[in-house]
Amino acid sequence: MDFSLSEEHKILKDMAYKFAKQELGPLASQCDLEECYQREAVQKAAELGMVGAWVPEEYGGAGVGCLGNSLIVEQLSRVDMGGCLNITAAAFGCEAIWLYGSEEQKQEYLPAVCSGRKISAGAFTEPDAGTDVAGYKTRAVLDGDHWVINGNKMFITNGTVCDFFVVQCITQPEAKRHGRFSQIIVPADAPGVTRNKIKGKMGIRASDTAALAFEDVRVPKGNLVGEEGRGFYQLMHFFDTTRPMVGAQALGLSQACLEASLRYAKERSAFGQPLGSFQLIQQKLTEMAIRIEALRGLVYRAAWLIDAGQPDFTLAAMAKYFGGQTAVFCANAAVEVHGGYGYIHEYEVQRYYRDAKILELYEGTKEAEVVTVAGVLLRG
Ligand SMILES: Cc1cc2nc3c(=O)[nH]c(=O)nc-3n(C[C@H](O)[C@H](O)[C@H](O)COP(=O)(O)OP(=O)(O)OC[C@H]3O[C@@H](n4cnc5c(N)ncnc54)[C@H](O)[C@@H]3O)c2cc1C
């Protein structure tokens, strides 16, 4: 068993961190404050092969696999989680196309996204149903050679900045609960699409989030991704590969919390000695470090298994669950190490604290991950 990263992986990791320090770091605080999306940074990242880096080279990606992509995500999040999401979620809609799309769809969309020419989005959640994936109501009806789509989507990352969505729709209402859904590509500028930016998020404020409405939106029949009636299962499989990436976001953010806390514990003194000399502070630092190491093992292994062609959805759910928990723990501890200064804008740990919470919410809440893991454990 060899736990070391290859030379290629080490280079990738260093490149991503350097890019994040140069391009994301200087704007992170301002973009957090002003909720501004950095399109330019996404373009630059694409030019370095970091958008859809997991996409194979034949479709315009860097072909670094899931483990390579997780290293990129980790390093970008270590500097700015909002900026990281802009870059990595640009390819969020591509996962379904890669897994289930036709050759023509792959040729059309994957190179366009990896090169930064197009931004994608995955539109699944609805105003009345998030965790209850089978409770979505958006409807697509065939009319000749076109699907006609009606419905609403909620909390869609990149919703107002993307060029196309992969939309979860009911196409077979008469089928059994899970067999009713299909996934359909919808251009963002199609007549009948309305998108409204959701402002006032607690964290990842540089990331674009939108509410969408589809009113008699017509798209060609050929925009169906995969098989009709398989959309629910396609979405579940999609989460198996994207959840370890949320774990990687958590890993980077947690690492940033530890690094900021270590710096502060050495610089700041109380009672005539550095904060780091107090055992209660040492305990916080040590707890952070242990959890981060454990998370790193989970995330890398879940990603490595995907690359090895043996995706493990339980491990993916564990990486996502433990990632959220670790990030929330580390961000809380980092604010505590900083005392009152941790509560004001000048110190980045307050941003980490606000950013961390989303990791327990999106791509499956922590409760949803528990349900997934417990189900497997109990089936034995
Ligand atoms: C910033 C942001 C970005 C997002 N980006 C995207 C995106 O790009 N695309 C997309 O499709 N969605 C996106 N989402 C949506 C996100 O995935 C959902 O918010 C999430 O899945 C939870 O759904 P919900 O908000 O409807 O909560 P609900 O499903 O209403 O859940 C509310 C609470 O009830 C709990 N709960 C629900 N069912 C159960 C159960 N069976 N057992 C135990 N507890 C349960 C939940 O865990 C949660 O605590 C995003 C959300 C946010 C906030």
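Heads up: the structure comes first, above all this text.
Residues numbered from 1 in each chain as written. Predicted model: local features only at pLDDT ≥ 70, side-chain atom pairs only at ≥ 80, totals over all residues.

A few points about the packing of helix α7 (residues 231-267) against helix α10 (residues 349-356)
The contact between α7 and α10 brings their axes to 10 Å, and the two run at 155°. On the basis of their axis angle, the class for α7 and α10 is roughly antiparallel. In this structure, α7 meets α10 at a crossing whose hand is left-handed. For the pair formed by α7 and α10, the contact residues are L253, A256, C257 and A260 on the first element and V349, Y352, D355 and A356 on the second. Tallied by class, the residues present in the contact of α7 with α10 amount to 7 nonpolar, no polar and 1 charged. (Axes fitted to C-alpha atoms, helices over the stretch in contact; angles between N-to-C directions. Helix = DSSP H or I, 4+ residues; strand = E, 2+ residues; numbered from the N terminus. Parallel < 35°, antiparallel > 145°, perpendicular 65-115°, else oblique. Left-handed = near helix turned anticlockwise from the far one by under 90°. Contact = placed C-beta atoms within 7 Å. Nonpolar A, V, L, I, M, F, W, Y, C, P; charged D, E, K, R; others polar.)

A word on helix α8 (residues 279-307)
Between its first and last C-alpha atoms α8 spans 42 Å; for 29 residues at 1.5 Å apiece the expected length is 42 Å, and the two agree. Listed in full, the buried residues belonging to α8 are I281, K284, M288, R291, I292, L295, L298, V299, Y300, A302, A303 and I306. Phi turns positive one or two residues past the end of α8, at G309, with a value near 75°. (Expected span 1.5 Å × (residues − 1). Buried ≥ 20, exposed ≤ 12 C-beta atoms within 10 Å, placed from the backbone.)

Observations regarding the nonpolar core
In globular proteins that are soluble, nonpolar side chains generally tend to be buried together. Counting 120 residues, the largest nonpolar core has V51, I149, I184, C257, A331 and A334 as the members making the most contacts within it. Non-local contacts of I184, meaning those with residues more than four positions away in its chain, are made with A140, W147, I149, V167, C169, V219, N223, L224 and V225. (Core = buried A, V, L, I, M, F, W, Y, C linked by C-beta atoms within 7 Å.)

What about helix α1 (residues 7-34)?
Relative to the 40 Å expected for 28 residues at 1.5 Å per residue, α1 spans 39 Å between its end C-alpha atoms, a close match to the ideal helical length. Taking the largest bend as the criterion, α1 deviates by roughly 50°, centred on A28. Within the span of α1, buried status applies to L12, A16, F19, A20, E23, L24, A28, C31 and D32. Against the buried residues of α1 lie α2 (39-47), α3 (65-77), α4 (81-88) and α10. Just downstream of α1, E35 is the residue with a positive phi angle, here 55°. (Bend = angle between axes of the 7 residues up to and from the residue.)

Quick look at the site of the ligand
Taken together, 22 residues form the shell around the ligand, and within it F124, G130, T131, T365 and E367 come nearest. Within the residue set of the shell around the ligand, elements represented by two or more residues are β1 (120-123), β3 (146-157) and α11 (366-379). When residues of the shell around the ligand are sorted by domain, at least three fall in each of domain 2 (120-229) and domain 3 (233-379). (Near = placed C-beta within 6 Å. Domains from an automatic or database assignment.)

Describing the environment of E8
Mapped onto the fold, E8 is located in helix α1. The class for E8 is exposed, based on 10 C-beta atoms found within 10 Å. For the pair formed by E8 and V64, sequence separation is 56 residues and the distance between their alpha carbons is 9.2 Å.

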